[in-house]
Amino acid sequence: MHVESIRAIYGPNVYSSLPVLVMKLDLEDLAGKESYELPGFNDRLISLLPGVHEHVCGLGRRGGFVERLEGGTWFGHIVEHVALELTDAVGIPVNRGKTLAAGEPGKFLVAVAFQSEPAMRALLRTAVELVQALVDNKPYPLDEKIAEARELAERSSLGPSTQAILDAADARNIPWTRLDTESSLCRLGFGIHSRYVEATISGQTGAVAVDIASNKHLTKALLREAGLPAPMGEVATTREEALAAFEKIGAPVVVKPLDGNQGRGVFLNLQTADEVAEAFECASDHSRRVVIEELFRGRDYRVLVVNGRMVAASEKTPAHVIGTGTHRIRELIDITNRDPRRSEHHSKALSSIKVDPVMEAYLRRHGRSLDTVPAAGETVWLRESANLSTGGEARDVTDAVHPTMARMCERAARTIGLDICGIDFVVPDISQAWDGTGGIIEINAAPGIRMHEFPSEGKPRRAAAAIVDMLFPPPSDGRIPLISITGTNGKTTTTRMIAHAIGSTGKVVGTTSTDNIRINGVEVATGDMTGPWSARVVLSDPSVEVAVLETARGGIVRSGLGYDWADIGVITNIQPDHIGQDGIESVEDILRIKSLVAERVRQGGTIVLNADDPLLATLAENERIARLPRNIVFFSLGENRGIVDEHVARGGTAYVLNGEWIEEISAGSVKRIVRAAELPCTVGGFADFQIANVMATIAVCRAYGMSQKAIVSALMNFNTGTHNDGRLNIYAFGSSAVVLDYGHNPMAIQAIGRMLSRLGADRTTAVLGLPGDRAQQLIEMTAVTAARHFDRLVLREDKDLRGRQPGEMLNLMRRAIAAECPECEVQVIPDELEAFKWVVRGMSPGEAVVAFCEHKQKLAEWLETQPVRPLTDLGSLVTLFRHRLRIPA
């Protein structure tokens, strides 16, 4: 077997609502073979991984996978279950996976959910190697591979502070994204509500405040200036300066790096010059400048202040071990570090006890070494400082803090200017009013909160929730209105109409579409921007107040959605397109993919569907859609009024074309909104596909909260040339018309051909080329549809052949047309621009030419050199052909 690729999908996707890794696996010589065909394989697998007995698999019951295994199953499926089983051993358990044929002989897509991306990637490869070893009946270093994956999981996991903040965000339905797997930098919220956090540094934390807190000497000077108790001290850069400071301050003293953290290089309770000199040398390894200061005696406390208010307090105890009478101190440390609550990388409630020069110096001062054997039951302290990062523990004392102590800490945070502040406080008893003894020994920016969330003793405190509440004062969920649009045809136009309408209210709208990303109407990126990356660009922009996202099939299949939940989801229609791509074999496959947009509409949100599409008319009854209560809204040109009437009778809402009026109907209510022909984009009401797009837009804008008057006003000003580039862009050429459009499937081509026919053009001509990556049957169907709806076709070839040979697509189209529509006039000019020029130059009066474009911009640029004028009001096209329709002037 061979792993061809592994890709990550972070948003909801066609495999799962969870993030997944998708491995493309070539079974090679195992292709077509099933598990029962290899003697001894099943027994070896079950013996090595007995936990697979718990896998329910598709049978839905314990032991389901083993039943499948014994009855015979493909090896891609086996690899999936082996990978899932290994996650338990690594400590990142997941139980969701799916294996599908990849559309190529012997190749499969194995999709598995993951907690740790690096570790899961490693486990997928391990699963492939292990299954191959079991097939070959060869040994495999499984324990070594599991240990490597466990190390990857620990190194890449978020720290407990960051994870607690994200958990608190989840509890309030606030979206978040981890921005860097090498750090804890995360973004919470969308658009204008987005906020950054990295551990307990927030985007609101002042850089100056952090700089002050990083300079321990300056911090204490500012605290004393504010009348707050802080130890006196000096800064030394040489051994001599350190000893001079010790002489001035007097024993006992503390020696520590000026800008250190996590207790590194900190020495307490130093009594002699020799101890100070040794401590200075060690502290110098962490900072060029070293602080020597007086020692406050008392208990060691950490107080957390968030947004100016004390939210938690803990009493800290230094790292220690309990003697057994037989083990050396170094052995006792190893035993203590096996506690599952401890971790080397601060990813758990407690950190491992670290052996370092500070510990060894402390033991020496107390007549011990790492090889000392303490008596049974004896508590052996390993250092003076009670920092959790070096193995210390914490006991919650929040409820015991005296009000004067709390106020002192809150003043200290305000003095330094930190929004999230950890205050190290040494006093005899924090539950008593301050008596002048002890005080504040340190101010910490980015304070760890795991001691408060997961204390070794006492009540856990909602420290992370306090931080989230500061960033997102309740009831804010950090979200912005999010509208997602998909479908086969009309999704780009509908997206642009919605964005234009909502933008007209003064909101900053972020829009993704087939052509670009726009923020407040300004293009910020070009190209096909309908995938998850583009959605995240919009959702990360701090100016965006509303997101309107065109969401296409390709992005969904390959990379999932770029958001978790939408407020409104739209599916315009489902038509045969993209068949032959990404394993798509039917319109039902297209529906399965695109219906993800409807599935991911939040509870209480709105799903807008085309009632005239048989596949969409019944979609609301689908189990995946019906599992959450949502508002279903239909729109219809009147072709399926029975569905609409039933829906309205059940209390639903619909938008319909009733004669010349677009109406909003609900139980007991009919509201006329606008005459369809009055909207410029509908070409005087002759472009029924545009009327459908308008109704979908109205449905969305009404669900968003816009008034009928505001919607109509916006749509009256929707300019297809300015606001809808590449979609029904029409130019007048004397008494003839030229249309530029990106249509490329049967329904799109039929719709434009039918519109021109209804308008009464004397002759219609289409310049047609089709994408080469579609199935042959779809290519032939599209060519024949064009031949049936246009008087003349000029066939061209896309520059991007998408795997086809030169001339192959032209031959496919020409043969299909000759077989089904031999009366259709056909010309072949392979180059798109040359074909277009030839047709336009030869147009006759009253002719309408449609170029179904690959590169619209080139054609538009050439048109600008001709005596043409763009029709910004598409109703003008009616005027152009008025005499043929006998429409009064």
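Residues numbered from 1 in each chain as written. Predicted model: local features only at pLDDT ≥ 70, side-chain atom pairs only at ≥ 80, totals over all residues. Heavy atoms only, no water.

**Structural notes on the overall build of the protein chain**
Cut-off, in case you're wondering: We count a stretch as a helix when DSSP gives it H or I for four or more residues in a row; a strand needs E for two or more, and each element gets its number in order from the N terminus. Three exposure classes are used, based on accessible area relative to the maximum for each residue type with a 1.4 Å probe and protein chains only: buried under 20%, partly exposed in between, and exposed over 50%. Note on contacts: a residue pair qualifies if any of its non-hydrogen atoms lie within 4.5 Å across the two residues. Each accessible area is a Shrake-Rupley estimate made with a 1.4 Å probe; only the visible protein chains count as cover when residues are assessed. When charges are counted, neither His nor the chain ends are considered; positive counts come from Lys and Arg and negative counts from Asp and Glu. Just so you know, the charge point we use is NZ for Lys, CZ for Arg, CG for Asp and CD for Glu.
Counting its regular elements, the protein chain contains 33 helices and 39 strands. Overall, the protein chain is about 110 × 75 × 55 Å in size when its C-alpha atoms are taken along their principal axes. Counting every position in the protein chain, which comprises 889 residues, the buried fraction comes to 55%. Excluding contacts between residues fewer than 6 apart, the proportion of contacts in the protein chain whose partners are at least 24 apart in sequence is 69%. Accessible surface for the protein chain amounts to roughly 36300 Å². Of this, 49% is attributable to carbon and sulfur atoms. One finds the centroid of the 96 positive side-chain charges in the protein chain at a distance of 4 Å from the centroid of its 112 negative side-chain charges.

**Regarding the environment of Phe790**
Looking at the secondary structure, you find Phe790 in the loop between helix H28 (776–789) and strand S36 (792–795). Sequence separation between Phe790 and Ile752 is 38 residues, and the spatial gap between their C-alpha atoms is 9.5 Å. Those residues in contact with Phe790, other than ones at most four positions away along the chain, are Ile749, Ile752, Gly753, Leu756, Thr764, Thr765, Ala766, Cys824, Val850 and Phe852.

**Observations concerning the packing of helix H24 (residues 688–704) against helix H25 (residues 708–716)**
Rules: What counts as an axis is a line fitted to C-alpha atoms, over the stretch in contact for a helix, and the angles between N-to-C directions run from 0 to 180 degrees. Throughout this description, any angle smaller than 35 degrees is read as roughly parallel, any larger than 145 degrees as roughly antiparallel, any in the 65 to 115 degree range as roughly perpendicular, and the remainder as oblique. Crossing handedness is defined as follows: a turn of the near helix away from the far one that is anticlockwise and smaller than a right angle gives a left-handed crossing, while the clockwise case is right-handed. Following the grouping adopted for this structure description, the nonpolar residues are Ala, Val, Leu, Ile, Met, Phe, Trp, Tyr, Cys and Pro, the charged ones are Asp, Glu, Lys and Arg, and the polar ones are all others, Gly among them.
Between H24 and H25, the shortest axis-to-axis distance is 10 Å and the interhelical angle comes to 140°. Judged on the interaxial angle alone, H25 and H24 are oblique. As for the relative orientation of H24 and H25, their crossing is right-handed in sense. For the pair formed by H24 and H25, the contact residues are Val694, Thr697, Ile698, Cys701 and Arg702 on the first element and Gln708, Ile711 and Leu715 on the second. Of the residues belonging to the contact of H24 with H25, the class tally is five nonpolar, two polar and one charged.

**Some points on the packing of helix H7 (residues 207–214) against helix H8 (residues 216–225)**
The geometry of H7 relative to H8 is characterised by a closest axis approach of 5 Å and an angle of 105° between their N-to-C directions. It follows from the interaxial angle that H7 and H8 lie roughly perpendicular. Only Lys216, Leu218, Thr219 and Leu222 of H8 make contact with H7, whose side of the interface consists of Ile212, Ala213 and Ser214. Classifying every residue of the contact of H7 with H8 gives four nonpolar, two polar and one charged.

**Some thoughts on the side chain of Asn13**
Counted only if it meets this: Distance and chemistry together define a polar contact, namely a pair of N or O atoms within 3.5 Å, with one atom able to donate a hydrogen and the other to accept it when in protein, and with adjacent residues in sequence counting only for side-chain atoms on both sides.
Its location among the elements puts Asn13 in the loop between strand S1 (2–9) and strand S2 (20–26). Overall, Asn13 belongs to the buried group, its relative accessible area being 3%. A distance of 2.9 Å separates a polar side-chain atom of Asn13 from the backbone oxygen of Gly11. A polar contact is formed between the side chain of Asn13 and the backbone nitrogen of Ser16, at a distance of 2.8 Å.

**Focus on the pattern of salt bridges**
For clarity, the threshold we go by: We count a salt bridge whenever a side-chain nitrogen from Lys or Arg sits within 4 Å of a carboxyl oxygen from Asp or Glu.
Scanning all chains against the criterion turns up 57 salt bridges. Note that Lys256 and Glu293 form a salt bridge whose closest N and O atoms lie 3.2 Å from each other. With Lys256 in strand S10 (residues 253–257) and Glu293 in strand S12 (residues 290–294), this residue pair connects regions lying 37 residues apart in the sequence. The buried category is assigned to Lys256, whose relative accessible area is 3%. Glu293 sits in the buried class, given a relative accessible area of 2%.

**Details of the pairing of strand S24 (residues 516–519)**
Note the threshold: Pairing between strands is defined by DSSP: at least two bridges between the two strands are required.
With three bridges joining them, strand S23 (residues 509–512) and S24 adopt antiparallel strand pairing. Looking at S24, one finds that Thr512 is bridged to Ile517. Here S23 folds back onto S24 in antiparallel fashion, the turn holding three residues. With antiparallel pairing between neighbouring strands as the criterion, S24 and strand S25 (residues 522–526) make up a hairpin whose turn holds two residues, including Asn520 at a positive phi of roughly 55°.

**Thoughts on the nonpolar core**
For clarity, the threshold we go by: As used in this record, nonpolar core signifies buried Ala, Val, Leu, Ile, Met, Phe, Trp, Tyr and Cys residues forming a set joined through side-chain atoms within 4.5 Å.
Counting 48 residues, the largest nonpolar core has Phe41 and Phe75 as its most contacted members. Taken together, the elements giving at least two residues each to this core come down to S1, S2, helix H1 (41–48), helix H2 (64–71), helix H3 (75–90), strand S4 (107–113), helix H4 (117–136) and helix H5 (142–156). In terms of residue count, the dominant contributor to this core is H4 (ten residues). Beyond its immediate stretch of four places on either side in the chain, Phe75 contacts Met1, Leu27, Leu30, Lys33, Glu34, Ser35, Leu38, Phe41, Val131 and Val135. Core analysis: the second largest hydrophobic core is formed by 42 residues, Leu561, Ile574, Leu591 and Leu609 among them.

**Describing the sheet that holds S2**
Reading across from one edge, S1-S2-S4-S3 is the order of the four strands in this open sheet, with antiparallel pairing throughout. At either margin of the open sheet sits one strand with a lone partner, and together these are S1 and strand S3 (97–101). Between one strand and the next, the sheet's axes are offset by a mean angle of 20°, whatever the strand orientation. Sheet topology places S2 next to S4; seven bridges connect them, and they run antiparallel. Its bridge partner being in S4, Met23 is matched across the sheet by Val110. The strands touched by H3 within the sheet are S2, S3 and S4, with S3 carrying the most contacts at an inclination of about 160°. Along the sheet face, H4 touches S1, S2 and S4 and points at about 155° away from the line of S1.

**Some thoughts on the pairing of strand S32 (residues 669–675)**
Relative to S32, strand S31 (residues 661–666) runs antiparallel, the two being bridged by six bridges. Bridge pairing in S32 places Ile662 opposite Val674. Taking the residues that link successive antiparallel strands as the turn, the S31-S32 hairpin has two residues, and the phi of Gly668 there is positive, at about 75°.

**Brief notes about helix H29 (residues 808–820)**
So the rule is basically this: By this rule the span expected of a helix is its residue count minus one, scaled by 1.5 Å. The directions from the helix axis to the C-beta atoms form the arc being described.
Helix length check: H29, at 13 residues, gives a terminal C-alpha distance of 19 Å against a target of 18 Å (1.5 Å per residue), a fit within 8%. All of the buried residues along H29 are Met809, Leu810, Leu812, Met813, Ala816 and Ile817. The buried residues of H29 occupy one face: seen down the axis, they fall within an arc of 165°. Summarising the geometry of H29, the exposed residues directed more than 90 degrees from the buried face are Arg815 and Ala819. Of the surrounding secondary structure, the elements contacted by the buried residues of H29 are strand S35 (763–768), H28, S36 and strand S37 (825–828).

**Here we look at the sheet that holds S10**
In sheet architecture, strand pairing relies on hydrogen bonds along the backbone and comes in two forms, parallel and antiparallel. What the four strands build is an open sheet, ordered S9-S12-S10-S11; its pairing is antiparallel. Of all the strands in the sheet, the pair left with one neighbour each is strand S9 (233–236) and strand S11 (267–270). For this sheet, the mean angle separating the axes of adjacent strands, direction not counted, is 20°. Sheet analysis places S9 next to S12, joined by four bridges and oriented antiparallel. The residue of S12 that forms the bridge with Gly233 is Glu293.

**Here we look at unusual backbone geometry**
With an omega of -5°, the peptide bond between Ala251 and Pro252 qualifies as cis. Within the secondary structure layout, Pro252 lies in the loop between helix H9 (239–249) and S10. Cis geometry marks the peptide bond from Pro474 to Pro475; its omega dihedral reads 10°. Here Pro475 is to be found in the loop between helix H15 (463–471) and strand S22 (482–486). One non-glycine residue, Asn173, adopts positive backbone phi at about 60°. Assignment of secondary structure puts Asn173 in the loop between helix H6 (160–171) and strand S5 (176–178). If you check the backbone angles, Asn269 has positive phi at about 55° while not being a glycine. With respect to the element layout, Asn269 can be found in strand S11.

These results come straight from atomic positions and should not be treated as a statement about function.
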